[in-house]
Amino acid sequence: MNAILALQKTKKQLHDSGFKLTPQREATVLVLLENEKDHLSAEEIYFLVKKKSPEIGLATVYRTLEILTELHIVNKISFDDGLARYDLRKEGAEHFHHHLLCLECGNIEEIEEDLLGDVERVVESRYHFLVKDHRLTFHGICQTCQEKKNA
């Protein structure tokens, strides 16, 4: 989805929930769209937003991220570094996507396929638990780091 369509969709989601797409919120959403694969922390988002909108404050970025998280526009995730990171939800995705986290270099890759459909069905039938979402992060060593070790 291109940035203009994503921004229009976000504006509608905000409006439907009683919020406006203020210039500060728009700048934050644009930074998330432009850095979709980077899993940025609030501080990293703030520094990138500040380049476009010098008047914006860190508290505004935090509030915007919390609103976007509440509205399921972004997911708030944590990896091994203890920082909250923000990841845009994919258009039409039934569940949050999975991640591969390299323990050597810290690289994070996304897995778009939903690998846990069968597991969800077992959990729902065996434990009578209605699954709404799941998160899965594989911790290991990426191909690049493996190749460096073997060289």
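Read on for an overview of the structure.

Criteria and thresholds
- Residues numbered from 1 in each chain as written.
- Predicted model: local features only at pLDDT ≥ 70, side-chain atom pairs only at ≥ 80, totals over all residues.
- Heavy atoms only, no water.
- Core = buried A, V, L, I, M, F, W, Y, C linked by side-chain atoms within 4.5 Å.
- Buried < 20%, exposed > 50% of the residue type's maximum accessible area, 1.4 Å probe, protein only.
- Helix = DSSP H or I, 4+ residues; strand = E, 2+ residues; numbered from the N terminus.
- Contact = heavy atoms within 4.5 Å.
- Salt bridge = Lys/Arg side-chain N within 4 Å of Asp/Glu carboxyl O.
- Arc of directions from axis to C-beta.

Some details on the nonpolar core
Part 1: Core analysis: the largest hydrophobic core is formed by 24 residues, its most contacted members being L32, I45, L65, L68, V74 and Y86.
Part 2: Per-element tally for this core: the top contributor is helix 2 (residues 23-34), with five residues.
Part 3: Contacts of L68, omitting those with residues within four sequence positions, involve T10, L14, V29, L32, I73 and V74.

Looking at the pattern of salt bridges
Part 1: Scanning all chains against the criterion turns up seven salt bridges.
Part 2: The shortest N-O distance in the salt bridge between K149 and E104 comes to 3.1 Å. In this pair, K149 is assigned in helix 6 (residues 143-150) and E104 in the loop between strand 4 (98-102) and strand 5 (108-111), connecting sequence segments 45 residues apart.
Part 3: In this structure K149 comes out as exposed when scored by relative accessible area, which is 55%.

Some points on helix 3 (residues 42-52)
Part 1: Residues of helix 3 that are buried: A42, I45, Y46 and V49. On an axial view of helix 3, the arc spanned by its buried residues comes to 100°, and they lie on one face. Of the exposed residues in helix 3, the ones pointing more than 90 degrees away from its buried face are F47 and K51.
Part 2: Buried residues belonging to helix 3 abut helix 2, strand 1 (40-41), helix 4 (58-70) and strand 3 (84-88).

The values are spatial; any link to function lies outside them.
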